[in-house]
Amino acid sequence: MKVSNIYIIALGIIVSLLSSCNFLDKEPTSTTSGSYFKNESEAELFLKGIYAPITETAFYGNDYFYLVGGDDLEAYGGPGRSPSTRGLICNNANSSDPAVAAYWYTLYAGINRANIFLEEVNGVPGLSESMIKTMSSEARFLRAFYYFNLVQCWGDVPFRTHSTQSVYGLQTARTPKEEIYDFICKEMEESVDGLKHASEVSFLPGGITKSAAWGILARVYMFRAGECFRDHTTPNEALRKDYFTKAGAFAQRVMNEGHTLAPHYWDFFIDQCSDKYNTTGKESIWEAEYTGNYSTDTRTEGRVGNIIGIQAPDLSSKTDITGKLDPGFGYCFFWSTPKLYELYEKNGDKDRMNWNIAPFSYTQSKVGKGVDGRVFEKGKLQEVKTQYYNQSYSYGDMPSTAKTGDREKAVASTDYSRMCGKWRREYEPDKKNKNFTLINFPILRYSDVLLMVAECENEIHGGPTTLAYQCINMVRQRAGIATLTGLNQEDFRNAIKDERAMELCFEMTRRFDLIRWGDFTKDMNALVERAKNGTNWNFGPSNVYTYFQVSDAYNYFPIPSNEMAINKKIVANNPGW
């Protein structure tokens, strides 16, 4: 379901007054109930507006990567690059951070839109009961999803399930996160009844289906099970087991929805970069969708492949340079840590390694005349030739001394920090804009669900079950690495942690995985000395070690200072902020 900016602009005219920056204090004096939409098409348009925050700049459109991208597998920067001035990714944030504030307000805008919709949809003339049920279910799920993102990042937050109708009485205190969790879980579970199966919809994976709802609900319960580690409280093992049991049950329901893994790891991402869905396997469950090349009125472009993707020259202004001469400009702000590199090496995982960590750099023999070659790390060209070589731009075999063509470095590099290669602009079908792409971002895919099931089985039963091995080994077999067997609970738990790292790196799940496991500050700080001494880590900035020198404060985001200045019922920020 590609949502064009025409629709979003039209929606903005309807709801701009209702979703301005501060949902608690910047609303109009009053609103007129019942005036938002008068027929089915207007209701559908409004529902698209509830989806819209997902793709906005403050969320998956840009800022989210700077907010949650800093973890033990990936770092911001690259040789010579200064630290980011926004987000938490470089461990230099404060409560006035613009990305933090924008994300907070964007989530609340989505919640307020959902509240309006749910209050008004039953009164729309001509809207059938079945349509009301389906649309309401999507709105309820999205509202719960936005609240989950708030709780995941901030913990206790202001909570309301009715729309803003007046500027009076809007000061709202923070509600304990456990109360909000109860609401999230109940709303997500109940909304499933009105959602369609993935096989019933043609717009998969942009809209919410039963698969997406169950998968995200499993993610909610798993993160909730780790809140004791985030807050350094004594674990209630019975409650944790209950959360894992529920998470496992919902994740297993997704397994009955007809999803499959694509035959090769890179197939899924080539689809995303090519603006295609599930051409070789039904792996995609929910994506943040983008479209266009920033040249028409139909524009919902993002930055996937541009800020997080392979570095390449800017040739967007050269109208005569197309195809493999212009693989798409990339800043390449995201680089692997040696930890990720060595994890792949340890497991003999060449398939995922050579896709996720770029094994080559694009080159130009004449600057500004187009890319005419690639330089591979030593030994990588032959490996890639057995993988996705025939599906990518290639430039012909040449010796290492050549200026053009595909060739390898003469000497193996000892620098294990390399570019993220997960999203590659060369697959984009249109002439490429410098900064904006149509590449979608995966919110949930099937391999993640399989690893959820495996983890839950291990936690519920005190060790891996047959189903746990089945699920993790499906993911490993697709990657072409050895299957697992004969592990105890702790060994299997560590295997899950490593498998999620190798499978889901750069997909913005790792930071929250580390937090729910109680590993975030420990695993981040474990990289500090290595970043200081530069062992296999020629990253550039001398202060890169500070990106990993995080405190427990970073288990939460800071509440935006301008929100606290306005909403006087928020009397304290999160610890450390």
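Residues numbered from 1 in each chain as written. Predicted model: local features only at pLDDT ≥ 70, side-chain atom pairs only at ≥ 80, totals over all residues. Heavy atoms only, no water.

Time to look at the nonpolar core. Membership of the largest hydrophobic core comes to 177 residues, with the highest contact counts inside it found for I54, Y60, F117, F145, W154, W286 and W423. Of all the elements, helix α5 (residues 129-154) adds the most residues to this core, at 14 residues. With sequence-adjacent residues up to four places away left out, W154 is seen in contact with V100, Y103, W104, L107, N149, R174, Y556, F557, P558, I559, P560 and N574. (Core = buried A, V, L, I, M, F, W, Y, C linked by side-chain atoms within 4.5 Å. Buried < 20%, exposed > 50% of the residue type's maximum accessible area, 1.4 Å probe, protein only. Helix = DSSP H or I, 4+ residues; strand = E, 2+ residues; numbered from the N terminus. Contact = heavy atoms within 4.5 Å.)

Packed helices, taken two at a time, are described by the angle between their axes plus the distance between the axes. Here helix α16 (residues 489-504) crosses helix α17 (residues 510-517) at 165 degrees, and the two axes come no closer than 11 Å. In terms of axis orientation, α16 runs roughly antiparallel to α17. Both α16 and α17 take part in a crossing whose hand is left-handed. Where α16 abuts α17, its residues K497, R500 and A501 lie against R510, D513, R516 and W517. A breakdown of the residues in the contact of α16 with α17 according to their chemical character gives 2 nonpolar, no polar and 5 charged. (Axes fitted to C-alpha atoms, helices over the stretch in contact; angles between N-to-C directions. Parallel < 35°, antiparallel > 145°, perpendicular 65-115°, else oblique. Left-handed = near helix turned anticlockwise from the far one by under 90°. Nonpolar A, V, L, I, M, F, W, Y, C, P; charged D, E, K, R; others polar.)

Once that is clear, we can look at the confidence of the model for the protein. Per-residue confidence for the protein averages 91 on the pLDDT scale, and 91% of its residues sit at or above 70. Within the model, pLDDT remains below 50 along residues 1-33, and this stretch shows 84 contacts once partners closer than five positions in the same chain are excluded. (pLDDT = per-residue confidence, 0-100.)

So, on to the packing of helix α15 (residues 466-479) against α16. One can describe the packing of α15 onto α16 by two numbers: an axis separation of 11 Å at closest approach and a directional angle of 35 degrees. Of the two elements, α15 crosses α16, and the hand of that crossing is left-handed. Where α15 approaches α16, its residues A468, Y469, I472, V475, R476 and R478 are matched on the opposing element by F492, A495, I496, E499, M502 and E503. Residues belonging to the contact of α15 with α16 are distributed by class as follows: 8 nonpolar, no polar and 4 charged.

A separate point is the sheet that holds strand β6 (residues 360-363). If you walk across this open sheet you meet the 3 strands as β6-β7-β8, and the pairing is mixed. Of all strands in the sheet, those bounded by a partner on one side alone are β6 and β8 (405-408). Here the average twist between neighbouring strands, direction ignored, is 20 degrees. Inspection of the sheet shows strand β7 (residues 373-376) paired to β8 by 4 bridges, in the parallel sense. Paired with R374 across the two strands is D406, which belongs to β8. (Pairing = 2+ DSSP bridges.)

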